[in-house]
Amino acid sequence: MTRQAATETVSVMSIAIPLALLAVLSGAVAMEAGFVPFGQRAAALPSPRTVTISPRTFAYREATEYFKNGLAIDAPKRDIKVETPLEIMKFQTSRAEYRRCVDEGFCASADYEDLPSQGDLPVTGVSYDDAIRYAAWLSTRTGEDWRLPTDFDLAYAAGDRFPDDALGLAADDKNPATRWLADYEREARRAASTDPRPQPKGSFGMSETGLMDFAGNIWEWTSTCNKRIDLDKAVVEEQDPKGCGIMVASGRHRSPMSTFVRNPKGGGCSVGSPPDNLGFRLVRRPTFFQSIKDFGRRATSDIFASFTSAQTVRSNDES
């Protein structure tokens, strides 16, 4: 193949690929907008308000408990580059929102002492299992895909509001006095609220990312399994998340809680000060069509950028 023919082939491909992607993108948009029928849509229910967290590099300390020489040490903190947006509920799920699921017979009634008529308050007295059932119900009723966030999701979404539970000790520090003081200071920061009663939306302010009320007096269920790693062992056993009975609830500090617990003060596995209340918020996963659109936009943008760059180089070579 001559150089000219090869160049023409590359030029044709550079144009054909974006056009093909554009066609796929247009089809996805048409189906999403309802111009082209595609299966039966679920009954419509207004979606909760959400906030979209833009991609960025984020410093995250693992929720895993690490041990060395029989002593607890700080989990590693790593910079993680997130490349896709995260869409999460702006507020915690409210009593009124959860009540709809109960009224339809899909969810069990929440266990709280205050008057249930205060629908604008965040729902509390719910277990991990309750939160999972609500996510399934909401997905069915909105035709969208809702799930519990991971601990990383909440840390990423909460930004400056997410706590760092590290003791701040060197891994080889065996001084019991130093460790005792560090642990005492951490537990002092975890002291229970003066008023543990759930408060109206917005009572605990907004994070730098736009998330409301995180790290108030409600800890939020996550889909992260509580794990313990002993660095002295040659082989670290990975627990199957499906069989995990203890999940991480995140708030002013992390608390491992049994999945069936509704009242954190009456049971569970919380270390130190227990949570004041247990509630949750959900993450909305992009639909299949949204994923296609996002992929199409990124791919088309990249290809056109490469095509423009190639044309510039070609023009310079010809000159």
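Treat the numbers as computed from the prediction; the structure is a model and nothing was measured.

1. Some thoughts on the overall build of the protein
Looking only at helices and strands, the protein has 6 helices and 13 strands in total. The buried share among the 319 residues of the protein stands at 40%. Within the protein, residue pairs in contact and separated by at least 24 positions form 71% of the contacts whose partners lie at least 6 positions apart. Surface accessibility of the protein: about 17800 Å² in total, with carbon and sulfur atoms responsible for 55%.

2. Here we look at the pattern of salt bridges
Inspection of the entire model under this criterion finds 15 salt bridges. With its nearest N and O atoms 3.6 Å apart, the salt bridge here joins Arg-228 to Glu-65. Residue Arg-228 is located in strand S9 (residues 228–230), and its partner Glu-65 is located in strand S3 (residues 65–68); the two are separated by 163 residues in the primary sequence. On the basis of relative accessible area, Arg-228 is assigned to the exposed category, the value being 55%. Taken together, the shared-partner salt bridges in this structure form one network comprising Arg-61, Lys-77 and Asp-164.

3. Points about the packing of helix H2 (residues 95–103) against helix H3 (residues 128–142)
Packing of H2 against H3 brings their axes to within 10 Å, and their N-to-C directions diverge by 80 degrees. For the element pair H2 / H3, the angle class is roughly perpendicular. Counted together, Glu-97, Tyr-98, Arg-100 and Cys-101 of H2 and Asp-130, Tyr-134 and Trp-137 of H3 form the full contact between these two elements. By residue class, the composition of the contact of H2 with H3 is 4 nonpolar, no polar and 3 charged.

4. Some details on the state of the cysteines
For the structure shown, the criterion picks out 2 disulfides. In this model, Cys-101 is linked to Cys-107 through a disulfide, with the two sulfur atoms separated by 1.9 Å. Residues Cys-101 and Cys-107 share a disulfide whose torsion about the S-S bond is about 70 degrees; that sign makes it right-handed. Here the bonded cysteines of the protein are numbered in sequence order, and their pairing is 1-2, 3-4.

5. Overview of the sheet that holds S3
Here we have 3 strands laid out as an open sheet, ordered S4-S3-S9, and mixed in their pairing. Of all strands in the sheet, those with a lone pairing partner are strand S4 (71–73) and S9, marking the two edges. Adjacent strand axes in the sheet meet at a mean angle of 35 degrees when their direction is disregarded. Taken together, the 3 bridges between S3 and S4 define a ladder with antiparallel strand orientation. Opposite Lys-68, over in S4, you have Leu-71 as the bridge partner.

6. Some words on the packing of aromatic side chains
What characterises a pair of aromatic rings is the spacing of the ring centres plus the angle enclosed by the ring planes. Enumeration according to the criterion identifies 9 aromatic pairs in this entry. Judged by centre distance (5.4 Å) and plane angle (40 degrees), the rings of Tyr-134 and Trp-137 are tilted. Placement of both Tyr-134 and Trp-137 in helix H3 is noted, with a separation of 3 residues, approximately one turn of the helix. Assessed through its relative accessible area of 1%, Tyr-134 is described here as buried.

7. Side note on the confidence of the model for the protein
For the protein, mean pLDDT is 78; residues scoring 70 or higher make up 61% of the total. Looking at the elements of the protein, mean pLDDT is at its lowest for helix H1 (residues 3–33), recorded as 48, and at its highest for strand S6 (residues 86–89), recorded as 98. In the predicted structure, residues 5–10 sits below a pLDDT of 50 and forms 3 contacts with residues beyond four places in sequence or in another chain. Across residues 28–42 the pLDDT falls below 50, and counting only partners more than four positions away or on other chains, this stretch makes 17 contacts in the model.

What counts, and where the lines are drawn
Residues numbered from 1 in each chain as written. Predicted model: local features only at pLDDT ≥ 70, side-chain atom pairs only at ≥ 80, totals over all residues. Heavy atoms only, no water. Helix = DSSP H or I, 4+ residues; strand = E, 2+ residues; numbered from the N terminus. Buried < 20%, exposed > 50% of the residue type's maximum accessible area, 1.4 Å probe, protein only. Contact = heavy atoms within 4.5 Å. Areas by Shrake-Rupley, 256 points an atom, 1.4 Å probe, with all protein chains shown as cover. Salt bridge = Lys/Arg side-chain N within 4 Å of Asp/Glu carboxyl O. Axes fitted to C-alpha atoms, helices over the stretch in contact; angles between N-to-C directions. Parallel < 35°, antiparallel > 145°, perpendicular 65-115°, else oblique. Nonpolar A, V, L, I, M, F, W, Y, C, P; charged D, E, K, R; others polar. Disulfide = S-S within 2.5 Å. Pairing = 2+ DSSP bridges. Phe/Tyr/Trp six-rings, centres within 6.5 Å; stacked < 30°, edge-to-face > 60°. pLDDT = per-residue confidence, 0-100.

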